[in-house]
Amino acid sequence: TSVTGTLTHVGNRVHTGNFNIGGTFSNGTIKIDDNFITTRVSNADLELRASGTGEVTVQSNDVVFGQALTVSGATDLQATTITGTITHTGNVTQTGNLNLTGDFDNGNVSIAANVIQTTDSNADLELRANGSGKILVPNNNVEITNNLTVGDTAYANNLTLTGLITSDSLTT
């Protein structure tokens with residue numbers, strides 16, 4: 001049977017087999033036209049929901065968002081590659097290793113290759129240990145190619161000094 005024109009059906013319908021529609025399908029709230037699914041009610045959300053513990057899945061296709069993506073709740077992003085800039089607001093909890101390719105810059109300190117430096121003009125770079133902890137360089141020599149100012153007592157083993165030494169007192 002073929003119907004040309006408008007067909008209005010009231011009540012339940014049970015259909016077995018294929019249901020082919022040429023053109024647009026609309027139930028008054030949702031419209032399916034070509035490869036677009038659109039809500040027909042002004043400012044209405046379009047929701048995809050699975051039944052029970054089911055999931056809404058996209059198996060073999062990339063998903064492209066032309067606008068912002070807002071995720072509510074926990075999210076599991078496995079093997080995710082992000083190209084571009086990420087702006088994150090809030091705390092981050094990282095479990096496992098973090099591998100960074102490129103430079104790190106938090107607005108005050110920059111880490112690029114093997115250089116750690118401040119990015120604020122004339123700002124000090126401070127290394128501090130917590131409590132009675134120490135800042136240790138256990139396996140390498142430390143070479144200072146500029147002036148070294150010690151504000152308190154300095155202890156040294158195997159110290160080689162060349163050039164001018166200014167001190168209030170020296171003890172050996």
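Treat the numbers as computed from the prediction; the structure is a model and nothing was measured.

A.B. asks: Where do I start with the sheet that holds strand β5 (residues 109-112) in this structure?
C.D. replies: Pairing between the strands of a sheet is mediated by backbone hydrogen bonds and can be parallel or antiparallel. Taken together, the three strands give an open sheet; going across it, the order is β4-β5-β6, and neighbouring strands pair in antiparallel fashion. Lying at the two open borders of the sheet, with one neighbouring strand each, are β4 (104-105) and β6 (115-118). Relative to β5, β4 runs antiparallel, the two being bridged by two bridges. Its bridge partner lying in β5, Phe104 is registered against Ile111.

A.B. asks: Would you take a moment to explain the sheet that holds strand β3 (residues 36-39) for this structure?
C.D. replies: Taken together, three strands build an open sheet; the order of strands is β1-β2-β3 and the sheet is antiparallel. This sheet does not close on itself; its edge strands, each paired only once, are β1 (24-26) and β3. This sheet shows a mean twist of 15° between the axes of neighbouring strands, independent of strand direction. As paired strands, strand β2 (residues 30-33) and β3 are joined by four bridges and run antiparallel to one another. Each bridged residue has a counterpart across the sheet, and for Asp33 the counterpart in β3 is Phe36.

The rules we used
- Residues numbered from 1 in each chain as written.
- Predicted model: local features only at pLDDT ≥ 70, side-chain atom pairs only at ≥ 80, totals over all residues.
- Heavy atoms only, no water.
- Pairing = 2+ DSSP bridges.
- Helix = DSSP H or I, 4+ residues; strand = E, 2+ residues; numbered from the N terminus.
- Axes fitted to C-alpha atoms, helices over the stretch in contact; angles between N-to-C directions.

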